[in-house]
Each structure stands twice: as structure tokens, then as C-alpha cells.
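Fold and contact review
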Amino acid sequence: MHRLHRYPSFFMLLLLLAAAGCAGRQAAPPAPQAPAPVSLTVSAAASLTDVLNELIAIYREKNPSVKISTNYAGSGALQRQIEEGAPADLFISAAPRHMDALQDRGLLLENTRVDLLGNSLVLVAREGIQGVNSFEELAADTVRKIALGEPESVPAGRYAKETLTYLGLWDRLKPKFVFAKDVRQVLTWVEGGDADAGLVYLTDAKTSPGVSVIAAAPSGSHKPILYPAAVIKNSAVADAAKDFLAFLSGTEAGAVFARYGFTVPAR
Amino acid sequence: MLELSPLLISLKTATAATAVAFFPGILAARWLAHTPGGRNRALADGLLIMPLLLPPTVIGFLLLLVFGNRGLLGRVLTEWGMPVVFTWPGAVIAAAVVTFPLMYRTARGAFEQVDPDLLDAARTMGATEWLVFRRVMLPLSWPGITAGIILSFARALGEFGATLMLAGNIPGKTQTMPIAIYFAVEGGKREVALFWTLLMIAVATFIVLALNYWSYRRHNNVTHGRVG
């Protein structure tokens, strides 16, 4: 895995030598040039796909020399990729756990980690369904199946379990649960009415026209839902990564994030 | 103590799914094996092996459309008190659909290997088509049919995507071994995942060996019976 990182620096050295050679021969006055093209790889949680693509387009307008490649997947998979040395300059995780793991192994560039975003957990039901108006009503007989992410592996499912436990509903509702492999599957089941209700992030609920948000999880009923971001230590373009992260943390990006339903933590 | 229900559910589901896929598989194979060729036959073949071509998640989604709350069939079945989504029969249906092409295609291959002269010989002796099928075609293609059963069972045992989509992941009810393994890996429970994986390898190996042994015995009996 180290070899992967050695090659770019080797090529950089070659480039430098070549550039020096040219400069020596021509001795032309250095014309005011556009900054050298930079290629940035962002590994981000799949739930950020739409909003991040929009933000990258905005950023690229101002910084045309920066080419940004994205790698969207589950945070756990991205964490494992980075641990195995996959090239990534910036990592945005959907849960602190995966970032913590990388931090513990010293794979993050120091002092670059920020809690970029927050999200909220909501109860959803199929558009136009009757009889589900609150978390408490999930116990009613009319609600037969409740879809949620599998709590051990899906972060949204873990938050859902925390909230339902906090509300004293977990044990009572247990026979009604169907555990999904991700939030998207929860939405599929709820959209079709195969599950009567489901627990998902607000941002995901907003992407699905077939479901309506019934209630938000009471504040304090689950651990805060945070999306940490950090620059990866092995990044060859750490400065560019820092600059893009600063853009994502700024007010302009904050407004876009808010439009998608994310919250921007006070910094 | 580890909950052992995924093992039982997997065995039950794979057995039932193989049985469910067996008869339509054999019938479809018989229907298409010796009928004159043409575009319709190719089209029917394409449709029948479609579940093998599509990713299991897609099949699961299509099954959800048919058997779910949105589908007519799903609503009728629920009305009759036989809901499919998030139930064990749902797991059987998902596995059977995914498994069907293997049963059908293997059986068809076996049927086509049978010398048509032998079938005609039986016919000239006055045997009905059903008798020809049962007493000549089926025994002669038995090794191929057992291969189909073994493949179907193996595929049903490993089914994950369509099953999860249609039957969900309900511990003690629809949570099969592959589903238990997937969620253990994703949840970072390596030991649990490893336990299920080893158990699954052991079970699969045992069953395939047993089926092969049974098929071998059966085949020998058939051929000896015929010759002797």
C-alpha cells in the first residue's frame, strides 16, 4: 500500500526536474499562470451523494483547476478502504465511529477533523396513510410492520433503537420490526405500504416523494447524529483538501446543506 | 448463547424452495426440450432464465411489486389471510424464483440428451406420452435432474438479496444464515460472522455430498435395473 503513495511523489520529482530543465533553458519570465491542476479524491457517505455533487459543482466554478473525484459508499466500507491504503484525500463519514477508528490508527491529518453536519431522525409513513400520527401510535393494532435499519450495522437503525428505547416502546414494538440493510430499503418498504411506518433520517425522507414525515425523534432521545470530516494523512494534496473542507464548512455550503435537510452544527 | 434459528430457517427455506421450483422446472423443461425450435421457444427460454440474469435485489424488488401492498396479487393474498411480504412463505418464494432457472435449465439439458429413438421406440409399443416421460425420459435423465436439484438447493441456501427484499430480516422468522452473516459482518461482529460462515460451509458440504451419494445410488439402481 505504501508503494501506491511513493509513485506520485516520484512523478512529481520528475515533473519538477523537467520543469527546472525547461526554466533553465528558456529563462522566460514566469508568466502569470493558472494554479497547477490538482486532483482531489473525496470519499463520502452515500447519503451525501446529491448534496455533495451540487456543492462540488459550485466549488469547481471558483476553482476550475481542482478536479474532484468522488467515491460514495457506506461509511464502514470507506473506512476499510482507507485503512487498506486506498487513495483518498478527504473523508466524510455518516457516523463518528468510523472516523474514530481512522483517528485511533493515526490515519487522519491532525487538526483537520470537524463535525461537518448533523441530521435528524424522523418517523415516516406512506403518503396519505391514516392512523399513524405519533411514535406512541406505533403500538396500535393498525400498525403491523415497522421498518428500521438493523441496529448493529446501520447507524440510522441504532439511533432508532435509542429513540424507541428512550420512549419506552422498544420491547413493546419488537414483534413488529423488520430490519433493513440500509435506509433506502426502509423507504422502499414504506413507500409501497408493505411496512406501515419506518424510521429514517430527515434528509432521506425528503428524497422520497411517496412518504410523509409523521414526527421527529424528541431531542435527547438518541445520541447526536453527526457527520465528521477530516483530511487523510497520506494525502498528496492536503492543502487542496483543506481548502475544499473549509468551503464545505462555510456559510455558502451551509445553506445548501440546510436545503437538503442537514443541520450545520455551531462551530 | 447464540440463537440457532438462522440454521433451521435456512434449511427449511432451501428445502421448500427446491421442492417448489422442482415441478414447474421439470414441466417447463419437458415442454421446451423436444418441441420444434423457433423464436417463441427462444423467447420462452429467455423469460424462464430471467431470474438468473437479473441481480437478486432486482428480483426482490419485482416480487415486492407483485406480492406487496401495491400489487393486486399481494392485496388479494393479504385479504385471504396469506400475506407474503415479511413472512416465511415470502422467503420460500424469493428463493424458489431465484432457483427456478437452475432447475429448469439443467433438467432441460438432461432431457435433450436422451436419444429420441428410445422415446419413439416406447411410443411404437403403444406407450402414452406420460408413460414415455415417466418410464423412459425421466429415468434416463436422472443424473441431470439430480444435478438440477443440487444446484437449486445450493443456490437457495445462499440466497440473500431477493429474500431480504421480500421477506425482510426478522430474527426467528425470516433471518436465514446468509442474512445473519451479512448483518454480523456489517455490524463488526467478526466472530459471529465467522461462526455462521463455517457452519454454512459445513452444512453445504454435507448436503451436497449426501445428495451426490443419493444420486449415485439411485443412478446405479436405475441403470442396473434397466440393463439387468
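Residues numbered from 1 in each chain as written. Chains lettered and ligands numbered in written order. Predicted model: local features only at pLDDT ≥ 70, side-chain atom pairs only at ≥ 80, totals over all residues.

**Here we look at the packing of helix 6 (residues 88-113) of chain B against helix 9 (residues 142-158) of chain B**
Residues and elements named next belong to chain B. Running from amino to carboxyl end, helix 6 crosses helix 9 at an angle of 165°, the nearest separation of the two axes being 8 Å. Classified by the interaxial angle, the pair formed by helix 6 and helix 9 is roughly antiparallel. Crossing angle aside, the handedness with which helix 6 passes helix 9 is right-handed. Judged by residue contacts, A95, V98, T99, L102, M103, T106, A107, G109, A110 and Q113 of helix 6 engage G144, I145, A147, G148, L151, S152, R155 and A156 from helix 9. When its residues are assigned to classes, the contact of helix 6 with helix 9 shows ten nonpolar, seven polar and one charged. (Axes fitted to C-alpha atoms, helices over the stretch in contact; angles between N-to-C directions. Helix = DSSP H or I, 4+ residues; strand = E, 2+ residues; numbered from the N terminus. Parallel < 35°, antiparallel > 145°, perpendicular 65-115°, else oblique. Left-handed = near helix turned anticlockwise from the far one by under 90°. Contact = placed C-beta atoms within 7 Å. Nonpolar A, V, L, I, M, F, W, Y, C, P; charged D, E, K, R; others polar.)

**Quick word on the sheet that holds strand 6 (residues 146-149) of chain A**
Residues and elements named next belong to chain A. Read across the open sheet, the five strands follow the order 7-6-8-5-9; overall the sheet is mixed. Of all the strands in the sheet, just strand 7 (177-180) and strand 9 (211-216) have a single pairing partner and so form its edges. Within this sheet the neighbouring strands show an average axis-to-axis angle of 35°, counted without direction. As paired strands, strand 5 (residues 121-126) and strand 8 (residues 197-201) are joined by five bridges and run antiparallel to one another. Counterpart to L123 in the pairing with strand 8 is L199. Running over the sheet, helix 5 (residues 155-166) touches strand 5, strand 6, strand 7 and strand 8 and is turned about 125° from strand 6. Those strands touched by helix 7 (residues 183-191) are strand 5, strand 6, strand 7, strand 8 and strand 9, and its axis lies near 145° from that of strand 8. (Pairing = 2+ DSSP bridges.)

**Re the environment of M50 of chain B**
With respect to the element layout, M50 of chain B can be found in helix 3 (residues 50-53). Take M50 of chain B: there are 14 C-beta atoms within 10 Å of it, and that puts it in the partly exposed class. (Buried ≥ 20, exposed ≤ 12 C-beta atoms within 10 Å, placed from the backbone.)

**So, helix 5 of chain A**
Residues and elements named next belong to chain A. Counted at 1.5 Å a residue, the expected span for helix 5 with its twelve residues is 16 Å, and the 17 Å between its end C-alpha atoms agrees. Along helix 5, the residues that are buried comprise P155, A156, G157, R158, Y159, A160, T163 and L164. Looking one or two residues beyond helix 5, the residue adopting positive phi is G168, at roughly 75°. (Expected span 1.5 Å × (residues − 1).)

**Brief notes about the interface of chain B and chain A**
Counting residues at the interface gives 15 residues for chain B, matched by eleven residues for chain A. The greatest single-element share of the side of chain B that touches chain A, amounting to three residues, is contributed by helix 11 (residues 177-186) of chain B. Of the residues in the side of chain B that touches chain A, the class split is seven nonpolar, five polar and three charged.

**Overview of the nonpolar core**
Within soluble globular proteins, side chains that are nonpolar generally end up buried alongside one another. V190 and V200 of chain A together with A94 and L166 of chain B are the most contacted members of the largest nonpolar core, which totals 90 residues. In terms of residues, this core owes the most to one element, helix 6 of chain B, which gives 15 residues. For V190 of chain A, the residues in contact, after removing those within four places along its chain, are V124, A125, R126, A147, A195, A197, G198 and V211 of chain A. Within the second largest apolar cluster, 36 residues are counted, among which are I68, A95, Y227 and F262 of chain A. (Core = buried A, V, L, I, M, F, W, Y, C linked by C-beta atoms within 7 Å.)

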